[in-house]
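Here is what each chain is made of, one letter per residue.
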Amino acid sequence: MARILVVDDAKMMRINIGNMLKKLGHEVVAEATDGYMAIQMYKKHLPDLVTMDITMPAENGIEDGIDAVIAIKKKFSEAKIIMITSHGEQDKVIKAIQSGASNYLLKPIQVEKLEEIINKTLR
Amino acid sequence: MDDYEIIDKLTKRVIEYLKVNLGIDKIEEDFFINDVDTLEYHSITTFISVSGDITGTVGLSVSHKLATILVEYSIFGEIDKKLIEELTIQTIEEILNITLGNIIKELNIVKNGGKVEISTPYTLDKKDYPSQKKYTKIYSSKIKYSDEDIILSYFYR
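Given the structure is predicted, the values throughout are model-derived calculations rather than measurements.

Conventions and cut-offs
Residues numbered from 1 in each chain as written. Chains lettered and ligands numbered in written order. Predicted model: local features only at pLDDT ≥ 70, side-chain atom pairs only at ≥ 80, totals over all residues. Heavy atoms only, no water. Helix = DSSP H or I, 4+ residues; strand = E, 2+ residues; numbered from the N terminus. Rg over C-alpha atoms; globule rule 2.2 N^0.38 Å. Buried < 20%, exposed > 50% of the residue type's maximum accessible area, 1.4 Å probe, protein only. Pairing = 2+ DSSP bridges. Axes fitted to C-alpha atoms, helices over the stretch in contact; angles between N-to-C directions. Right-handed = clockwise from strand over helix to strand, strands pointing away. Contact = heavy atoms within 4.5 Å. Polar contact = N/O pair within 3.5 Å; in protein donor to acceptor, adjacent residues only side chain to side chain. Phe/Tyr/Trp six-rings, centres within 6.5 Å; stacked < 30°, edge-to-face > 60°. Core = buried A, V, L, I, M, F, W, Y, C linked by side-chain atoms within 4.5 Å.

For chain B, the count of helices and strands is 4 helices and 7 strands. The N-to-C order of helical and strand elements in chain B reads α-β-β-β-α-α-α-β-β-β-β. Relative to the 2.2 N^0.38 estimate, which gives 15 Å for 157 residues, the radius of gyration of chain B is 15 Å and therefore close to what a compact globule would have. For chain B, the C-alpha atoms occupy an extent of roughly 45 × 35 × 30 Å along the three principal directions. Within chain B, buried positions represent 53% of all 157 residues.

Here it is as structure tokens:
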């Protein structure tokens, strides 16, 4: 079982990902609705894994999920982050991976795919 | 690119998404694409702007009743009934975002090396809907669900 931080500005996505993670036996330790909050929550909870939406509202100079990845990885190089994205964001995914994200998952999210990518990332 | 390529591929993908990904059996697979002068809308309409080698605006419109049904199908596992109302707009935005994102790479213009970008979805009040006068053409399709329908539109420049 992993302790996971779920980051997404859309409540329905946080509920969906959270429900899937619980079904897979993981614990959602915290949720965040923007990149800045994600950084604060990471520092506070030090989760085993983060699921991070790419496009979110800017807050305190953190423009999106990529900025949050850069900030988290700068301080916690061991952080494991899975980007959650749609097909239209391929350039951003590449940037996120180059910035230190471990992996990415395309929407629509299927529980089997989520399980596979978590296992691969935590291995 | 055929003018109606986006609306054709998007309509097929929305049908597939609703039937296969969300498991809504009652969605009908037949649809027609119409070239319309004025578009009708339901009470919740979400838009995504398309830019790059093609330019336009894509819309998805549903009634409030159908939006609440889509929320129930979209949530994995249990949902507090009180939350359904709060999640209607996000759900419609997510459906359009996912399905349009899915078909972009299938467009002939992208397959041939072109670049097409999409905005984040936005849901407007009726008074703020895109002016239909500034577009060359409006294509529309309807997906039937029981006595309701989903209206998809593509405002093409």
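Next up on the list: the environment of Glu116 of chain A. All names here are of chain A. Structurally, the position occupied by Glu116 is in helix H5 (residues 111-122). For Glu116, a relative accessible area of 49% puts it in the partly exposed group. As a C-alpha pair, Glu116 and Asn19 span 97 residues in sequence and 16 Å in three-dimensional space.

All names here are of chain A. With parallel pairing, 5 strands are arranged side by side in an open sheet as E2-E1-E3-E4-E5. Two strands close off the open sheet at either side, each with one partner strand: strand E2 (27-32) and strand E5 (103-106). On average, adjacent strands in this sheet sit at an angle of 20° to one another, irrespective of strand direction. Across 4 bridges, the pairing between strand E1 (residues 3-7) and strand E3 (residues 49-53) is parallel. Bridge pairing in E3 links Val6 to Thr51.

Attention now goes to the pairing of E2 of chain A. All names here are of chain A. Across 5 bridges, the pairing between E1 and E2 is parallel. Each bridged residue has a counterpart across the sheet, and for Ile4 the counterpart in E2 is Val28. The handedness of the E1 to E2 crossover, carried by helix H1 (residues 11-23), is right-handed.

On to the side chain of Asp53 of chain A. In this structure, Asp53 of chain A sits in strand E3. Among all residues touching Asp53 of chain A, those that are not within four sequence positions of it are Val7, Asp8, Asp9, Gly65, Met83, Ile84 and Lys107 of chain A.

Residues and elements named next belong to chain B. Topologically, Thr68 is positioned in helix H2 (residues 64-74). Apart from the residues within four sequence positions on either side, Thr68 is in contact with Ile84, Glu85 and Thr88. Of note is the side chain of Thr68, whose polar atom sits 2.7 Å from the backbone oxygen of Lys65.

Residues and elements named next belong to chain B. If you walk through the whole model with that rule in mind, you get 5 aromatic pairs over all chains. Taken together, a centroid distance of 6.1 Å and an interplanar angle of 80° make the contact between Tyr41 and Phe47 edge-to-face. Using a relative accessible area of 0% as the deciding quantity, one classes Phe47 as buried. One aromatic cluster is present, built from ring pairs that chain together Tyr41, Phe47 and Tyr122.

Residue and element names in this part refer to chain A. The two faces of E5 differ: Asn103 and Leu105 on one face are buried, but Tyr104 and Leu106 on the other face are not. Sheet topology note: the strand E4 (residues 81-85)/E5 ladder contains 4 bridges and is parallel. Across the sheet, Ile82 pairs through a bridge with Asn103, a residue of E5.

Let's shift gears to the nonpolar core. Counting residues in hydrophobic clusters, the biggest one holds 39 residues, and the most contacted among them are Leu10, Leu18, Val58, Leu60, Val62, Leu70 and Leu100 of chain B. Secondary structure elements with two or more residues in this core: helix H1 (5-21), strand E2 (44-52), strand E3 (56-62), H2, helix H3 (81-104), strand E4 (116-118), strand E6 (137-145) and strand E7 (148-156) of chain B. Leaving out residues up to four positions away in the same chain, Leu60 of chain B has contacts with Ile44, Thr45, Thr46, Ile92, Ile95, Leu96, Ile150, Ile151 and Leu152 of chain B. Counting 25 residues, the second-largest nonpolar core is a separate cluster that includes Ala10, Ile17 and Ile109 of chain A together with Ile84 of chain B.

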